[in-house]
Amino acid sequence: MLDFPDEDVALVGLRGPLKLEDVLFQAKKSARIAPLQVVRADRVLGPDHVRSAALHATRSMAEGRAHAKSLEVEFVRYLAGERQVKAALAKVGLPDEGAREAVAVAFGAHRLDALRHFADALGLEEDDAVAAASEAKLLGFGITATQLGATTAARRFDLVLEAVAAVDLMRA
């Protein structure tokens, strides 16, 4: 479990059988403790990706320019680097079946309690390594080979942070 008190956000990587119906049910229960979102682990490119998306989502909510009605959904938009909620959920939302890894993210003062409740209720194993960035995840996220070729190896993961920030530029 990784906690970032300055951003008021925490995340935990999870392993185990993830049935979407059960995940949604438990996420709703855990969200009574603190706002919580669960996303595909193969679309999360490290803690900085989560922190940046959380910062942008929190700011857009505070400034009244959010597209979503809740922080959790606004966070998904930024995490996915997508303007539309539907496209964001398609990109980073859990599939209906077959998922074995996920990343849960919670916000606010009781974020750690919400994450513990969620993981314990589903009997999932905590493994923050599932949130680590990799080249394969970059490609799965939608970063193209051309984009990768246009930057240095040391800066490749910054492309995801650019995608997060670019959501603010996608206004219609």
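Everything below is about the structure shown above.
Calculation rules
Residues numbered from 1 in each chain as written. Predicted model: local features only at pLDDT ≥ 70, side-chain atom pairs only at ≥ 80, totals over all residues. Heavy atoms only, no water. Helix = DSSP H or I, 4+ residues; strand = E, 2+ residues; numbered from the N terminus. Contact = heavy atoms within 4.5 Å. Areas by Shrake-Rupley, 256 points an atom, 1.4 Å probe, with all protein chains shown as cover. Lys, Arg positive; Asp, Glu negative; His and termini not counted. Charge placed at Lys NZ, Arg CZ, Asp CG, Glu CD. Buried < 20%, exposed > 50% of the residue type's maximum accessible area, 1.4 Å probe, protein only. Axes fitted to C-alpha atoms, helices over the stretch in contact; angles between N-to-C directions. Parallel < 35°, antiparallel > 145°, perpendicular 65-115°, else oblique. Left-handed = near helix turned anticlockwise from the far one by under 90°. Nonpolar A, V, L, I, M, F, W, Y, C, P; charged D, E, K, R; others polar. Core = buried A, V, L, I, M, F, W, Y, C linked by side-chain atoms within 4.5 Å. Phe/Tyr/Trp six-rings, centres within 6.5 Å; stacked < 30°, edge-to-face > 60°. Lys NZ or Arg CZ within 6 Å of the ring centre and 35° of its normal. Pairing = 2+ DSSP bridges.

Before going further, it helps to examine the overall build of the protein. Across its full length, the protein carries eight helices and five strands. N-terminal to C-terminal, the α/β element order of the protein is β-β-α-β-α-α-α-β-α-β-α-α-α. For the protein, the C-alpha atoms occupy an extent of roughly 45 × 35 × 30 Å along the three principal directions. Taking the intrachain contacts of the protein between residues at least 6 apart in sequence as the baseline, contacts between residues at least 24 apart amount to 73%. Put simply, the protein shows about 8,600 Å² of open surface, and 53% of that area lies on carbon and sulfur atoms. Averaging the positions of the 22 positive and the 25 negative side-chain charges in the protein gives two centres separated by 5 Å.

As for its position among the elements, S60 is in helix α2 (residues 47–62). Of the residues examined, S60 reaches a relative accessible area of 0% and is grouped as buried. Filtering out sequence-adjacent residues up to four positions away, S60 remains in contact with R65, A66, E74 and Y78.

Before going further, it helps to spend a moment on helix α3 (residues 71–80). α3 sits mainly inside the fold: nine of its 10 residues count as buried. When α3 is considered as a whole, its buried residues turn out to be L71, E72, E74, F75, V76, R77, Y78, L79 and A80. Against β3 (36–40), α2, α4 (85–92), β4 (99–107), α6 (135–141) and α8 (158–166) lie the buried residues of α3. At the exit of α3 stands G81, carrying a positive phi of roughly 70°.

Two elements in contact, α3 and α4, have axes separated by 8 Å at closest approach and are oriented at 70°. In terms of orientation, α3 lies roughly perpendicular with respect to α4. Judged by the sense of rotation from one axis to the other, the crossing of α3 with α4 is left-handed. For the pair α3 and α4, contact is made by V73, V76, R77 and A80 and by V85, A88, L89, K91 and V92, respectively. Its residues placed into classes, the contact of α3 with α4 shows seven nonpolar, no polar and two charged.

With that out of the way, let us pick up the nonpolar core. Ranked by size, the top nonpolar core spans 25 residues in total, and within it V50, F75, V103 and V105 carry the most contacts. Put simply, the parts of the chain that give this core at least two residues each are β2 (9–18), α2, α3, α4 and β4. With six residues, α3 is the single largest residue contributor to this core. Not counting residues up to four positions away in its chain, the partners in contact with V105 are V9, A10, L11, P35, L36, Q37, V50, F75 and L115.

So, on to the packing of aromatic side chains. Aromatic ring pairs are reported here in terms of the distance separating the ring centres and the angle at which the planes meet. Applying the stated criterion to the full structure yields one aromatic pair. Their ring planes at 70° and their centres at 5.3 Å tell us that F75 and F107 sit as a pair that is edge-to-face. With F75 in helix α3 and F107 in strand β4, this pair connects stretches of sequence that are 32 residues apart. Judged by its relative accessible area of 0%, F75 is buried. Cation over ring: R77 sits above Y78, and NZ or CZ is 5.4 Å from the ring centre.

Along β2, eight of the 10 residues are buried, which leaves the element largely enclosed by surrounding structure. As judged from the three bridges shared by strand β1 (residues 2–4) and β2, these two strands associate in the antiparallel manner. Bridge pairing in β2 places D3 opposite A10. Between β1 and β2, which pair antiparallel and follow one another directly, the connecting turn spans four residues, one of which, D8, has a positive phi of 60°. Where β2 lies against β4, eight bridges are found, and the strand directions are antiparallel. Paired with V9 across the bridge in β4 is F107.

Interpretation in functional terms is not warranted from these geometric data alone.
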